[in-house]
Amino acid sequence: DVKVTQSSRYLVKRTGEKVFLECVQDMDHENMFWYRQDPGLGLRLIYFSYDVKMKEKGDIPEGYSVSREKKERFSLILESASTNQTSMYLCASSILQGPSTEAFFGQGTRLTVV
Amino acid sequence: GQNIDQPTEMTATEGAIVQINCTYQTSGFNGLFWYQQHAGEAPTFLSYNVLDGLEEKGRFSSFLSRSKGYSYLLLKELQMKDSASYLCAVRDRGSARQLTFGSGTQLTVLP
């Protein structure tokens, strides 16, 4: 069965801390994505990656960076956490080819920055 | 860029039929997805449309009209477990890998 695992369900961090959100998929998918989900705004794409060491900015990359050192793992980094980064973060993965391929999502990490 | 609109909330009764609409504007359409998301859980894939018409999958059906930039998700024989957020997402031809999501429609099914 397809599985995307995010390292934490809930995190509380202080303003200014460096925060790492980890995501691992076991489906050998080429594409991996990080979204944030906020009430009334839906899912917004932060960054995505289509191969190891490759990354592309999504719609809201400011304040974030990513790392993809291995195919199965995609990390989201908040260099200096701020309160406006309090949100639900969702990781997803999909295969490379074909427009009909759906994305599979992890359970989400609810991050609170205080 | 893309703009996707769907109603924020809907309420329906157990056993009834409900239609959730989604309108979109995109520079190069390359498919529309519907996802279901229960509170506190991951979104899960429901349906995919790229050609005009109706796709049926059990109690759920999805319709697409590309000329109108319009889709709907039809849920029949509603059950309490169908209470969830329903997300419409569009894939743009210029961004073959990524999806742009609407804000989601929170459906509440009442007994």
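Residues numbered from 1 in each chain as written. Chains lettered and ligands numbered in written order. Predicted model: local features only at pLDDT ≥ 70, side-chain atom pairs only at ≥ 80, totals over all residues. Heavy atoms only, no water.

Glancing now at the overall build of chain A. A count of helical and extended segments in chain A gives 0 helices and 11 strands. For chain A, the sequential pattern of α-helices and β-strands runs β-β-β-β-β-β-β-β-β-β-β. The C-alpha atoms of chain A give 13 Å as radius of gyration, which agrees with the globular expectation for 114 residues (13 Å, within 12%). Along the longest, intermediate and shortest principal axes, the C-alpha atoms of chain A span 40 × 30 × 25 Å. The buried share of chain A, taken over its 114 residues, is 47%. Here the analysis covers contacts within chain A between residues at least 6 apart in sequence; of these, 55% occur between residues at least 24 apart. Only carbon and sulfur atoms are counted for the fraction: they give 50% of the accessible area of chain A, which is about 5600 Å². (Helix = DSSP H or I, 4+ residues; strand = E, 2+ residues; numbered from the N terminus. Rg over C-alpha atoms; globule rule 2.2 N^0.38 Å. Buried < 20%, exposed > 50% of the residue type's maximum accessible area, 1.4 Å probe, protein only. Contact = heavy atoms within 4.5 Å. Areas by Shrake-Rupley, 256 points an atom, 1.4 Å probe, with all protein chains shown as cover.)

With that settled, the discussion passes to the interface of chain A and chain B. In this assembly, 23 residues from chain A lie in contact with 18 residues from chain B. Summed over the shared surface of chain A and chain B, the number is 0 salt bridges. Our count for the chain A to chain B interface comes out at 5 residue pairs in polar contact (both at pLDDT 80 or more). Among the elements of the structure, β4 (31-38) and β5 (42-49) of chain A are those that each provide at least two residues to the side of chain A that touches chain B. Among the residues forming the side of chain A that touches chain B, the class breakdown is 12 nonpolar, 9 polar and 2 charged. (Salt bridge = Lys/Arg side-chain N within 4 Å of Asp/Glu carboxyl O. Polar contact = N/O pair within 3.5 Å; in protein donor to acceptor, adjacent residues only side chain to side chain. Nonpolar A, V, L, I, M, F, W, Y, C, P; charged D, E, K, R; others polar.)

Here we take up the sheet that holds strand β1 (residues 4-6) of chain A. Residues and elements named next belong to chain A. Taken in spatial order, the 4 strands line up as β1-β3-β8-β7 in an open sheet, and their pairing is antiparallel. Edge positions in the sheet fall to β1 and β7 (64-70), since each has one partner strand and no second. Between one strand and the next, the sheet's axes are offset by a mean angle of 20°, whatever the strand orientation. Alignment of β7 against strand β8 (residues 73-78), held across 5 bridges, turns out to be antiparallel. Bridged to Ser-67 within β8 is Ser-75. (Pairing = 2+ DSSP bridges. Axes fitted to C-alpha atoms, helices over the stretch in contact; angles between N-to-C directions.)

Taken as a whole and judged by the stated rule, the model has 16 aromatic pairs over all chains. Seen from their ring centres, Tyr-35 of chain B and Phe-101 of chain B are 5.8 Å apart, and the 55° between their planes marks the pair as tilted. Within this pair, whereas Tyr-35 of chain B is found in strand β4 (residues 29-37), its partner Phe-101 of chain B is found in strand β10 (residues 99-101), the two being separated by 66 residues in sequence. Taking the relative accessible area as the measure of exposure, Phe-101 of chain B reaches 6% and is therefore buried. Pairwise contacts between aromatic rings join Phe-33, Tyr-35, Phe-48 and Phe-105 of chain A together with Phe-33, Tyr-35, Phe-45, Tyr-48 and Phe-101 of chain B into one cluster. (Phe/Tyr/Trp six-rings, centres within 6.5 Å; stacked < 30°, edge-to-face > 60°.)

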